Amino acid sequence: MTELEARKFADLEAIRAPTLGGRLARWRTALANAWHELRKSRTASIGAVMLVLLFGACIATPWITTYDPIKQNYRERLQPPSEKHLLGTDRMGRDIYSRLLWGGRRLVTIAILAVTFGLSLGIPYGVLSGYFGGRVDTIAMRFVDGLLAFPGLLLYLLIVTLAREWKMEGIYNDMVLIFALGFAFMPEVARLSRGSVLVEKQKEYVEASRAVGDGSLAIALRQILPNIISPLIVNATVRLGYVILIVAALSFLGLGTPPPTPDWGSDLAAARDYMETAPLIAAFPGLAICYTVLAFNLFGDGLRDILDPRLAER
Amino acid sequence: MLAYIIRRVAYLVPVLFVLTLVVFTFVEMLPGNIIDTLVGNEGVNDPEVRKILEKEYGLDQPVYIRYAKWLFRAVQGDFGMSLVTRRPVAVELLTGIPATVYLAVVGISLSMMIAVPLGTIAAVKRNTPIDYTAQVTSLIGISIPEFWFAILCVLFFSLYLGWLPSSGFANPFVDPWASLKFLILPAAAVGFRQAAYTTRLTRSSMLDEMNKEYVDTARSVGLSEGKVIFKYTLRNAMIPTITISGLQLANLLGGTVVLESIFAWPGIGRAIFEAILQRDYPLVQAGVLVLGCIVVVMNLLVDLTYRLLNPRVKLG
């Protein structure tokens, strides 16, 4: 039996017997299939490995950090990397390694929530607009065009300024960011899913399920949606990187969460004052941002090639 | 085409309307109001005085009337006075626009000079080490935050080598040499990221063109490969590249806030940023409105140019 046949067999077994073992087997095949597909693109596999490391570090943060990220220690200011402080300490003697991990955990969480929020607004909007078509579609898309024309960064600047004036701190500040960034992602998602729906709704399987007697909403959400998901995944992955860049830029400008919360952008801004004496402090948060954004971009780029082989052949 | 242009210009109206609404709502949603600031400054807190002041500033009127009045004045270029400098906001903004445009245009030109040859070579030498290097470099380029790249440039070229000033600005018409020195680092920071985008774009649109039939025809009649590429493919491939670069230019004008504040570049982006820090909200309001309008109008112009250059695009 070849590897592929074995996998198919395991699949069949899993379908036949929905026991715990069967379910595990099904998951294992799904994972194996996914990995098999990923291997087709070198960029995607590198990105995937980088992302696994990133998510692993984010989840494990409380256990793998060595210091309290906001505890100051003036006796150990601006230290170079050592055994005690893996990446050294910043101007207040705080452990940079621990700050990076906690900051990353927060940043990645914000990005994922924002993108999920954008998807959950944009997909139903685009799918329904494309599915119903006609006047509804025209009006809905005009609105989306208007939103797309809006310069993003300026909008975020206004929103974080408002958050600052209303003295929103910590979780409230993060929530405002998530809503703003998610809402700004909505028009892109809506347009993309509408475009795919217009193509999909001409296909036979849609007619088939209408013949069986399914309602419009059921067809749109249960039949068409699963078939248009792949370009959305690619788009969302790349967007995650973009969102991280924006959040970092805002906090670099001093308009993000106020200190002492660990944050790559504001840590980088603070490190500027010590650039001549301790350039490494400015290097680490920047590298962390690069690593994260690059991981998402690599994965998204590779995924696009896998899901749309027409492009990869070029 | 004319009908299309008219329709597209008509679409501007709702977009600009939303823009003004957002900007107006922003100031409305700030906690407290201008009276608090004024009363606080004078140290008076007499309800009578408040009433008089409210009447004077029109705050006793309903919000839609205030919006209409504000819009009416804004259309004429009257955005009120800056709370910090006490000069008209319009003047503050106008002085910033040339510097921003200067930086953005130089940055974009720089990126095109790097990216177009690089993208073309990558496409022509597809799937060779040159192509991979170009692809990986540009992917890394779009992943590096521009402010970090800027800091690294300052660290290396200003602090370590001491070749270039770390920030500042000089008028190119007064002192071209000094101005150039100030320009290099910010323009490189703008251009680097743009170049990464444009390389990817040039590469993929070159590949698109090279797959078309006219290329085979040109080759079969015996044209040299260089002629095929430079005379035919590259020209067609440039249409989307230039269009997107135009769009990027529009976005750059709206997005130079970060770089302008790092390099103390006296543009409109830094004016807005400093106004946010100093809570000079009339300036923030007007700045975002003006930049937003520029971006929206630029987008429209680019779109129209694209249709003109490429008549095959359906006028949808």
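Criteria and cut-off values
- Residues numbered from 1 in each chain as written.
- Chains lettered and ligands numbered in written order.
- Predicted model: local features only at pLDDT ≥ 70, side-chain atom pairs only at ≥ 80, totals over all residues.
- Helix = DSSP H or I, 4+ residues; strand = E, 2+ residues; numbered from the N terminus.
- Rg over C-alpha atoms; globule rule 2.2 N^0.38 Å.
- Buried ≥ 20, exposed ≤ 12 C-beta atoms within 10 Å, placed from the backbone.
- Contact = placed C-beta atoms within 7 Å.
- Expected span 1.5 Å × (residues − 1).
- Axes fitted to C-alpha atoms, helices over the stretch in contact; angles between N-to-C directions.
- Parallel < 35°, antiparallel > 145°, perpendicular 65-115°, else oblique.
- Left-handed = near helix turned anticlockwise from the far one by under 90°.
- Nonpolar A, V, L, I, M, F, W, Y, C, P; charged D, E, K, R; others polar.
- pLDDT = per-residue confidence, 0-100.

A. Broad picture of the overall build of chain B. A tally of regular secondary structure across chain B gives 13 helices and zero strands. In sequence order, the secondary structure elements of chain B are arranged as α-α-α-α-α-α-α-α-α-α-α-α-α. Over its C-alpha atoms chain B spans a radius of gyration of 25 Å, topping by over 25% the 20 Å that the globule rule assigns to 316 residues. A principal-axis box enclosing the C-alpha atoms of chain B has dimensions of 90 × 60 × 35 Å. The buried share of chain B, reckoned over its 316 residues, is 34%.

B. Looking closely at the overall build of chain A. Tallying secondary structure elements over chain A gives 13 helices and zero strands in all. From first element to last, N terminus to C terminus, chain A shows the α and β order α-α-α-α-α-α-α-α-α-α-α-α-α. Oriented by its inertia axes, the alpha-carbon framework of chain A measures out at about 75 × 55 × 40 Å. By the burial criterion, 41% of the 314 residues in chain A qualify as buried. Of the contacts formed within chain A by residues at least 6 apart in sequence, a portion of 67% connects residues at least 24 apart.

C. Fine view of helix H6 (residues 129-143) of chain B. A rise of 1.5 Å per residue sets the reference length of H6(B), with its 15 residues, at 21 Å; its end C-alpha atoms lie 21 Å apart and thus fit the reference within 8%. Of all the positions in H6(B), only B:Ala134, B:Ser138, B:Gly141, B:Ile142 and B:Ser143 are classed as buried. The inward-facing, buried residues of H6(B) abut helix H10 (229-252) and helix H12 (279-307) of chain A together with helix H5 (89-124) and helix H8 (176-210) of chain B.

D. Representation of the packing of helix H6 (residues 152-165) of chain A against helix H13 (residues 281-309) of chain B within the structure. Orientation of H6(A) relative to H13(B), taken along the N-to-C sense of each, is 160°, at an axis distance of 10 Å. One finds that H6(A) runs roughly antiparallel with respect to H13(B). For H6(A) against H13(B), the interelement crossing comes out left-handed. Facing H6(A), whose interface residues are A:Leu154, A:Leu158 and A:Thr161, H13(B) presents B:Val284, B:Val288, B:Leu291 and B:Gly292. Of the residues in the contact of H6(A) with H13(B), the class split is five nonpolar, two polar and no charged.

E. Geometry of the interface of chain B and chain A. Each partner contributes to the interface: chain B provides 36 residues, whereas chain A provides 34 residues. Residue assignment for the side of chain B that touches chain A shows that the elements contributing at least two residues are helix H1 (2-28), H6, helix H7 (146-160), helix H10 (225-255), helix H11 (257-262), helix H12 (268-277) and H13 of chain B. Ranked by residues supplied to the side of chain B that touches chain A, first place goes to H13(B) with seven residues.

F. The arrangement of the packing of H12(B) against H13(B) in detail. Residue and element names in this part refer to chain B. Two elements in contact, H12 and H13, have axes separated by 9 Å at closest approach and are oriented at 150°. Viewed along their axes, H12 and H13 adopt a mutual orientation that is roughly antiparallel. The chirality of how H12 crosses H13 is left-handed. Where H12 abuts H13, its residues Ile 268, Ala 271, Ile 272, Ala 275 and Ile 276 lie against Leu 283, Val 284, Gly 287, Val 288 and Leu 291.

G. View of the confidence of the model for chain B. Here chain B shows a mean pLDDT of 79. Residues at 70 or above account for 92%. Of the two predicted TM-score estimates for the complex, the pTM is 0.82 and the ipTM is 0.80.

H. Spotlight on unusual backbone geometry. All names here are of chain B. With a phi angle near 50°, Ala 264 is a residue other than glycine that sits in the positive phi range. Within the fold, Ala 264 resides in the loop between H11 and H12. What makes Ala 264 partly exposed here is the crowd of 14 C-beta atoms within 10 Å.

I. Geometry of the environment of A:Val127. Residues and elements named next belong to chain A. In this fold, Val 127 is placed in helix H4 (residues 96-132). The exposure class of Val 127 is buried, given the 23 C-beta atoms found within 10 Å. Separated by 69 residues in sequence, Val 127 and Ser 196 place their C-alpha atoms 8.4 Å apart. Apart from the residues within four sequence positions on either side, Val 127 is in contact with Ser 193, Val 197, Ala 220, Leu 221, Ile 224 and Leu 225.

J. How the structure looks around the confidence of the model for chain A. With 90% of its residues at a pLDDT of at least 70, chain A reaches an overall mean of 79. Per-element averaging of pLDDT across chain A places helix H13 (residues 309-312) of chain A at the bottom with 53 and H4(A) at the top with 88.

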